[in-house]
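A closer look at the structure
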Amino acid sequence: MKPPGRIARVTRRGFRVVRGRVLLARGVRPASRTFGFERGQPIHRHYIDDFIRAHADRIQGRCVEFHDASYTRRFGGNRPDHVDVLDLDDSNPHATVVADLTKPHSLPPNTYDCIICVHVLHLVYDADAFTRALHELLAPGGTLLVAVPATAMVDPEWTEYRRWTALGITTLLEQFFDPSAVQVQTYGNSLAAAAEMRGLAADEIAPWELRATDEHFPVEVCAQAVKSDA
Ligand SMILES: C[S@@+](CC[C@H](N)C(=O)[O-])C[C@H]1O[C@@H](n2cnc3c(N)ncnc32)[C@H](O)[C@@H]1O
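Residue positions are counted from 1 within each chain, in the order its sequence is given. Confidence filtering applies because this is a predicted model: local features only for residues at pLDDT of at least 70, side-chain atom pairs given and counted only at 80 or more, and all residues used for totals across whole chains, interfaces and linings. Excluded from the side-chain calculations are hydrogens and water; all other atoms, namely the structure's heavy atoms, are used.

On to the pairing of strand S4 (residues 112-118). In terms of residue burial, S4 counts as a mostly covered element, since six of its seven residues are buried. Here a strand pair is declared whenever DSSP counts at least two bridges between the two strands. Secondary structure elements are taken from DSSP: a helix is a run of H or I of four residues or more, a strand is a run of E of two residues or more, and numbering for both begins at the N terminus. Strand direction decides the pairing type here: S4 and strand S5 (residues 138-149), joined by six bridges, are parallel. Among the inter-strand pairings, Cys 117 is bridged to a residue of S5, identified as Val 146. Looking down the strands as they point away from you, a crossover is right-handed if its path from the first strand over the helix to the second goes clockwise. Handedness of the crossover joining S4 and S5 through helix H4 (residues 127-137) is recorded here as right-handed. Only protein chains enter the area calculation, which uses a 1.4 Å probe; residues under 20% of their type maximum are buried, those over 50% are exposed, and those in between are partly exposed.

Rendered as structure tokens:
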């Protein structure tokens, strides 16, 4: 079947945005209780893609990602030469490494050139111990890419302890990484944050509404931290 033309796509998006605005305003029940996955791409996933795409050149050499290797595979191209999947849970069939990073020295130090840590830190109570382990696991010059929720519904499937602010992630990372090697950025604005909480998908708000950044209303906080060469 022929893919829809530009006019059909714009009309469909316009319709979804108008219907999304009604869902945003009406009633106390959200449009989705599962982040909008069943409606399309969740808003926070759109932002994580933007962040990982912008830092994709860092995904190279020996890489490790939590739970599955989806961001490494989608954005790493042919740069990774070894990919591990790290999980706390040994029943995960994708896991190649099982460890609890809050336990000291659970894995050999200086191992990875890139760690992709998406939506993990809000599940970890002892974030200091965990981040110390991430720093230890990185090879000198290696890069940590982090994404954490700032505004999001609570997922009962996971033990979620917190949401993060940009200041919280900056302070956490700067305990272990040289502050000049830490870059933190926020994604989202008040409308996108409201839409995320109501369970709308990314294409149920307008592209410019999705792109606008207002640091007072982050949906997602993302960071790159590079371990010193020394
Ligand atoms: C919600 S999943 C992340 C899934 C995926 N990265 C994503 O894009 O959302 C969280 C992962 O973090 C892992 N995790 C949580 N606490 C951990 C810990 N203390 N040590 C190692 N892994 C941990 C969990 O086992 C799980 O694989």
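Moving on, we get to helix H1 (residues 6-25). In an α-helix there are 3.6 residues to a turn, and that puts residues three or four apart on one side. End to end, H1 covers 29 Å across 20 residues, agreeing with the expected 28 Å (1.5 Å per residue, within 8%). Taken as a whole, H1 has its buried residues at Arg 16, Val 17, Gly 20 and Leu 24. Around the axis of H1, the buried residues are gathered within 105° of arc, so they sit on the same side. Turned more than 90 degrees away from the buried face of H1, the exposed residues are Ile 7, Thr 11, Phe 15, Val 18 and Ala 25. Take the number of residues in a helix, subtract one, and multiply by 1.5 Å to get its expected span. As used here, the arc is the angular range of directions from the helix axis to the C-beta atoms.

The next point concerns the side chain of Asn 92. Secondary-structure assignment places Asn 92 in the loop between strand S2 (80-87) and strand S3 (97-98). For Asn 92, a relative accessible area of 10% corresponds to the buried category. If we skip the residues at most four places from it in the chain, Asn 92 touches His 67, Val 85 and Asp 87. Contacts: residue pairs with any heavy atoms within 4.5 Å of one another.

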